[in-house]
2 protein chains.
Amino acid sequence: MSYRHVLIAVDFSSASEHVARRAIGISRRNSAVLSLLHVVDYLPPLGFADDLLPTPALLVNEKELIGHGMASLETFARKIDLPADTARHVRLGAPHQEIVEFARTQGVDLIVLGSHGRHGLGRLLGSTANSVLNHAACDVLAVRITA
Amino acid sequence: MSYRHVLIAVDFSSASEHVARRAIGISRRNSAVLSLLHVVDYLPPLGFADDLLPTPALLVNEKELIGHGMASLETFARKIDLPADTARHVRLGAPHQEIVEFARTQGVDLIVLGSHGRHGLGRLLGSTANSVLNHAACDVLAVRITA
């Protein structure tokens, strides 16, 4: 009954370190593979995903977003002493969709992410944790963020 | 970063055993205290909670409900080989409220419960996992129930 592949989803908010440390502890106690994912909240230009070919300018833009995200992940990883063999991933899109999709395709059996609950900023922004809980095919650990 | 007090909330649905085994594994790996809680979904008679004194008949009825719940918990505990030192609790009320309240007053730092997600029966019944996630002051592990 132990987990084999633990996914940490972080948004670089002030609580991400707390969430990540929880997940690192769990992956150690389960001898699980650990993956770190940051989703750049991004809506592709209208038509992009449907039938228009992306222009080179748009492609460069998305590559830049991913590059920035990856650089932020590296900084974050150093800050929390992330185990060196942890895979780091950046995706563009709606965070809850990308997290659920990543977990489904990568064989993740536990998603760890922060939850603000219904109060404060979390409520205004809509809760990624709630959406992931409702749609993930695997277990979800919502780490309470009190700040 | 390990958990000290893990709460299993069970409703005796077919998936409760899976949820409980997850929680037992987690409490072992964290050397945490484990508590088992079943909430009898129960709405007190109108006025009962406000200003009327409970009649003896109502008290007996509630005691019976708790007694039945406790007997079911014992049967369940034997079935899953629950560690003998696990405290068993029965509460009457709205499950999500009672779970959150129990956790808050008993110093629980991880609530483990099943989640059906948004599809099927879980959606019709409303999701206890979602409500707990939104109101708990501690971490919440939603164990995915696929059946």
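On a predicted model such as this, the values are computed, not experimentally measured, just so you know.

Draft legend 1. Structural detail: the confidence of the model for chain A. All names here are of chain A. Looking at chain A, pLDDT values average 86 and 82% of them are 70 or higher. Summarising per-element confidence for chain A, the mean pLDDT is lowest in helix H4 (residues 121–125) (50) and highest in strand E1 (residues 5–9) (97). Model confidence for the complex is summarised by a pTM of 0.86, with the ipTM given as 0.84.

Draft legend 2. Highlighting the interface of chain B and chain A. Contacts between the two partners involve 28 residues from chain B, matched on the other side by 28 residues from chain A. Across the chain B/chain A interface, buried area totals approximately 2,600 Å², and carbon plus sulfur atoms make up 46% of it. Counting across the interface, chain B meets chain A through 2 salt bridges. Of the charged contacts in the structure, one is a salt bridge between Asp139(B) and Arg22(A), with a shortest N-O distance of 2.8 Å. Joining chain B to chain A, the criterion identifies 16 residue pairs in polar contact (both at pLDDT 80 or more). Put simply, the parts of the chain that give the side of chain B that touches chain A at least two residues each are helix H1 (16–30), strand E4 (110–115), helix H5 (128–135) and strand E5 (139–144) of chain B. In terms of residue class, the side of chain B that touches chain A is built from 13 nonpolar, 9 polar and 6 charged. Note that strand E5 (residues 139–144) of chain A and E5(B) share 3 bridges and pair antiparallel. In the strand pairing of E5(B), Leu141(A) is matched with Leu141(B).

Draft legend 3. Highlighting the side chain of Arg22(A). You can see Arg22(A) is positioned in helix H1 (residues 16–30). Discounting residues that sit within four places of it in the chain, Arg22(A) has contacts with Val143(A), Met1(B), Ser2(B), Tyr3(B) and Asp139(B).

Draft legend 4. Spatial organisation of the state of the cysteines. Counted by the stated rule, this structure contains 0 disulfides over all chains. No disulfide involves Cys138(B); its nearest neighbouring cysteine sulfur is the one of Cys138(A), lying 20 Å away.

Draft legend 5. Geometry of the side chain of Asn30(B). Along the polypeptide, Asn30(B) turns up in helix H1. Setting aside residues no more than four positions away along its own chain, Asn30(B) makes contact with Arg29(A), Ser2(B) and Tyr3(B).

The rules we used
Residues numbered from 1 in each chain as written. Chains lettered and ligands numbered in written order. Predicted model: local features only at pLDDT ≥ 70, side-chain atom pairs only at ≥ 80, totals over all residues. Heavy atoms only, no water. pLDDT = per-residue confidence, 0-100. Helix = DSSP H or I, 4+ residues; strand = E, 2+ residues; numbered from the N terminus. Contact = heavy atoms within 4.5 Å. Buried area = accessible area lost by both parts, 1.4 Å probe. Salt bridge = Lys/Arg side-chain N within 4 Å of Asp/Glu carboxyl O. Polar contact = N/O pair within 3.5 Å; in protein donor to acceptor, adjacent residues only side chain to side chain. Nonpolar A, V, L, I, M, F, W, Y, C, P; charged D, E, K, R; others polar. Pairing = 2+ DSSP bridges. Disulfide = S-S within 2.5 Å.

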